[in-house]
Each structure stands twice: as C-alpha cells, then as structure tokens.
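Structural features, examined
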Amino acid sequence: MIEGYRELDPERTYLVTGGAGFIGYFLSKKLLELQCRVIALDNMNPYYDVNLKYSRLERLEGFKHFTFIKGDISDKDTVHKVFKKYKPNIVINLAAQAGVRYSIENPDSYIHSNIIGFYNILEACRYNPVDHLVYASSSSVYGANTKVPFSTDDQVDNPVSLYAATKKSNELIAHTYSHLYGIPCTGLRFFTVYGPMGRPDMAYFGFTQKIFKGETIEVFNFGDCYRDFTYIDDIIEAVARILCNPPAKKINKDSVLNGIRYAIYNIGNNKPEQLMDYIAALEKALSKSVGREITAEKKFLPMQPGDVKATYSDSSPLERDFGFKPSTRIEAGLQKFADWYVEYYNVKNETRNI
C-alpha cells in the first residue's frame, strides 16, 4: 500500500464528468452511498440509447448529496462555471466520446470531447486548484504493441485508432499540466469494462440485443481475439481506492520533472479471454436467466480497422500501491449482466425484444 493511504473522504466534493455514463453512474453511486457530495456533469449525447442514461440518473437522484448538471465539457464556460460554483476537491474525468470503430466514421466528436473537453478540464483545475484529478485513459493506447502483458512502462507510440490517439494525447497533456502547474494527476487505462447497465455499443451488449431479436452476431477476426474483460465492480473498487491518494512527488533533483505528481495505472483483470469463450459464457448466462437454451447465430468476419487482436493488462502496480487486483470471473460477471438485461428489457414477457 502507498504510504499515508487514505479512504474516501465524505467531507470532500467530487466532480464526476460523464456522470450518467456506465462507469460514471456506478462510481457516483458508490460515493453517494458513503455520504460524499457528488456533482455529475453529462451532456446526455445520443451516441447510444439516452433512456439508459436517464435510467441511471433516476437511481442517483434519490441521494440527497447528488447534483446533476446537463452540460458539455467541450464548452469551456460551462466547465469553469461548475468549478467556480461547486469548488470540487477531487475531479474524475470520465466524459469522453467512446468507441474505436465510431472514431473512424465520426472523428469530429472525438476531437471536441476527448481533446478540447479534456483541455477545458485541465484549465479549470489550473485556475481552481484541486486535490486530485483522475481521468479515464484506455487500454487502446497500447495499439499495435505485441509484448504482453501490457505494462505502463511500455512505449505507447503506435495507436491504431483515433480514439486511442486521443486517449494517449490526454496522458501527454495531463503530464504537461501536472509538471507546469502542479496538478496531481492519475490516468487510468481501463480494459474492456462490462456489466449491468453497461454501454449498448459494447460487444457483449450488442450480441445480447441481436440474440433476442433473432439476428446474427458478427464475430470479428474469425473469433481469434482476446480481451482482458474487467467487471464494473472491480473497476469501481480500484478507482475508489485511488481517488483520495494522489501521486507522491517524484524526487530526482537532476531532472526537470523533480516534484511532478503524476501516475498511470492499468485496471484490468490480468486474464485475457478468447472471444469465442466469452460468447459461450454469455450464451450460458442468458440461457440461465430466461430458463431456455440460448445459442447465437454467428457470422465470422475479418479484423476491422482500428481493432487489435489482444489486450492483456499487467495490473501489478495497482495491487502493489492500493492492495487490490480485479478478479471477477467472466461467468459471474456475465450472469449479473444477463439477469439485469432480462429484467430491464422484460425479455421473458416479450416475443421480440430490443
């Protein structure tokens, strides 16, 4: 454990951007259950079903310490007004345009949200000092790397999608702001997050929707892909341990970076699963949830532009510094997702379901 480790502090105010998103919702919920003050900022964009975002918000609005603001981090005035009014102590930037394939078709949205938006957050932290800025990076930054498992000590100079490039840019710009203005920053490289109330654009969710519609699922690289699937509860536990523990100052008197407070961590299950095994586990979970055998019709396709064959997290620094290592097995995580999906979309009582 890091020296002077601190638990979550209910006396602090936490700003969660992307607060109506998948990770943002579950993190806000955990903070609110501990009586922390949470300010959630989200633009509610329609990249995927907005009703799911509103459903998440409805579950948060019952907490007395919760405040929601509809706004976009790419709007500088909005961001600065939020900082001035609420004076957050800890900022968790989860707002971003997600998706690898979507970045090929809609590059503008990635520049607006992931580059300009993150710059606005950093500028707000510069002029409204915070105790800690934690921000979402991605396993995508490892790009074309072939050495596994992926370590935060590896070079990440070969992104294969615009999404990955924007996340690497976030890390570089955050490093610069931490060095120039003393902002304590921690970047988190998330590895394929899944679970209940997740993102419909993710493969497991999309597969499930197509299965219940009687449609064929598309399996890329002919199923020869591996992903370090990480269950949402593990992600939230890791983030929660990091929030009140900004990086210590780096001590190297001979370096221009002496005193910088900056860190990067992988948050992954450290156990890549083959895509076909993951699909089989999903079919089994769905079968159990609905009480009948579920088998997906599959169409095998080549690798898509921007995709990589495998992701594999070295999460040992997270375990070393914070005493936690993600460990939820896909069978358990997918069963929780399947049970939620069947209930949320009322699958058992519908002949055709979304």
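Our subject in this report is the structure included herewith. Bear in mind that the values here come from a model prediction, so they are computed numbers and not experimental data.

1. Quick notes on the overall build of the chain
Looking only at helices and strands, one finds eleven helices and 13 strands in the chain. Rg of the C-alpha trace for the chain: 20 Å, near the compact-globule value of 20 Å for 354 residues, within the 12% margin. Overall, the chain is about 60 × 45 × 40 Å in size when its C-alpha atoms are taken along their principal axes. Classification of the 354 residues of the chain by burial places 55% in the buried group. Partitioning the contacts of the chain with sequence separation of at least 6, the portion at a separation of at least 24 is 81%. Accessible surface, the chain as shown: approximately 15,800 Å² in total, 49% of it carbon and sulfur. Side chains of the chain carry 43 positive and 42 negative charges; the gap between the two charge centres is 3 Å.

2. Description of helix H7 (residues 203-213)
Of the positions making up H7, those classed as buried are Tyr204, Phe205, Gly206, Phe207, Thr208, Ile211 and Phe212. Positive phi appears at Gly214, one or two residues downstream of H7, with a value of about 75°.

3. Some thoughts on the side chain of Asn269
Tracing the sequence through the fold places Asn269 in the loop between strand E11 (262-267) and strand E12 (273-274). One polar contact links the side chain of Asn269 to the main-chain amide nitrogen of Ser327, over a distance of 3.3 Å. Sequence-distant contacts of Asn269, defined by excluding residues within four places in its chain, comprise Asp228, Phe229, Thr230, Asp234, Pro326, Ser327 and Thr328.

4. Focus on the packing of aromatic side chains
Inspection of every chain in the model, using the stated rule, returns 31 aromatic pairs. Taking 5.9 Å as the distance between ring centres and 80° as the angle between the ring planes, the aromatic pair formed by Phe22 and Phe26 counts as edge-to-face. Taken as a pair, Phe22 and Phe26 lie in helix H1 (residues 22-33) at a separation of four residues, close to a single helical turn. What makes Phe26 buried here is its relative accessible area of 16%. Seen from the ring of Tyr48, Lys53 lies directly overhead, with NZ or CZ sitting 4.8 Å from the centre.

5. Some details on the pairing of E11
Along E11, six of the six residues are buried, which leaves the element largely enclosed by surrounding structure. The side-chain alternation of E11 yields two buried faces, one formed by Tyr262, Ile264 and Asn266 and the other by Ala263, Tyr265 and Ile267. Bridge analysis of strand E6 (residues 185-190) against E11 gives six bridges, and the strand direction is parallel. Considered in E11, the bridge of Thr186 is made with Ala263.

6. Quick notes on the pattern of salt bridges
Throughout the structure, instances matching the rule amount to 17 salt bridges. Close ionic contact of Glu331 with Arg329 constitutes a salt bridge, the shortest N to O distance being 3.5 Å. According to the relative accessible area criterion, Glu331 is partly exposed, its value standing at 40%. Given the relative accessible area of 52%, Arg329 is considered exposed. Look at the salt bridges and you will find they share partners, linking Arg6, Asp9, Arg12 and Asp131 into a network.

7. Comments concerning the side chain of Asp154
Positionally, Asp154 belongs in the loop between strand E5 (132-138) and helix H6 (162-181). For Asp154, the side chain forms a polar contact with the side chain of Lys147, separated by 3.0 Å. Engagement of the side chain of Asp154 in a polar contact is seen with the backbone nitrogen of Ser151, the distance being 2.8 Å. What Asp154 contacts, discounting residues up to four positions off in sequence, is Tyr142, Asn145, Lys147 and Pro149.

8. Description of the environment of Tyr204
Looking at the element boundaries, Tyr204 is found in helix H7. The class for Tyr204 is buried, based on a relative accessible area of 2%. As a C-alpha pair, Tyr204 and Ala338 span 134 residues in sequence and 9.9 Å in three-dimensional space. The residues touching Tyr204, leaving out its near neighbours within four places in the chain, are Phe22, Val193, Tyr194, Gly195, Gly198, Arg199, Tyr278, Leu282, Leu334 and Phe337.

9. Points about the nonpolar core
Counting residues in each nonpolar core, the largest one holds 75 residues, and the members touching the most others are Tyr14, Leu31, Phe190, Tyr204, Leu243 and Leu334. For Leu243, the contacting residues outside a window of four places in its chain are Leu8, Tyr14, Leu27, Leu31, Ile90, Ile92, His132 and Val134. Membership of the second largest hydrophobic core comes to 25 residues, among which are Leu15, Phe83, Ile260 and Tyr262.

10. Some details on helix H3 (residues 76-86)
Where H3 is concerned, the buried positions are Val79, His80, Val82 and Phe83. Seen end-on, H3 carries its buried residues on one side only, within an arc spanning 155°. In H3, the exposed positions angled more than 90 degrees off the buried face are occupied by Asp77, Lys81, Lys84 and Lys85. Those residues of H3 that are buried lie in contact with strand E1 (13-17), strand E2 (37-42), strand E3 (66-70), strand E4 (90-93) and helix H5 (107-127). Backbone nitrogen of Asp77 and a side-chain oxygen of the N-cap are separated by 3.1 Å at the start of H3; the cap is Asp75.

Rules behind the numbers
Residues numbered from 1 in each chain as written. Predicted model: local features only at pLDDT ≥ 70, side-chain atom pairs only at ≥ 80, totals over all residues. Heavy atoms only, no water. Helix = DSSP H or I, 4+ residues; strand = E, 2+ residues; numbered from the N terminus. Rg over C-alpha atoms; globule rule 2.2 N^0.38 Å. Buried < 20%, exposed > 50% of the residue type's maximum accessible area, 1.4 Å probe, protein only. Contact = heavy atoms within 4.5 Å. Areas by Shrake-Rupley, 256 points an atom, 1.4 Å probe, with all protein chains shown as cover. Lys, Arg positive; Asp, Glu negative; His and termini not counted. Charge placed at Lys NZ, Arg CZ, Asp CG, Glu CD. Polar contact = N/O pair within 3.5 Å; in protein donor to acceptor, adjacent residues only side chain to side chain. Phe/Tyr/Trp six-rings, centres within 6.5 Å; stacked < 30°, edge-to-face > 60°. Lys NZ or Arg CZ within 6 Å of the ring centre and 35° of its normal. Pairing = 2+ DSSP bridges. Salt bridge = Lys/Arg side-chain N within 4 Å of Asp/Glu carboxyl O. Core = buried A, V, L, I, M, F, W, Y, C linked by side-chain atoms within 4.5 Å. Arc of directions from axis to C-beta.

Any link to function would need more than the numbers given here.
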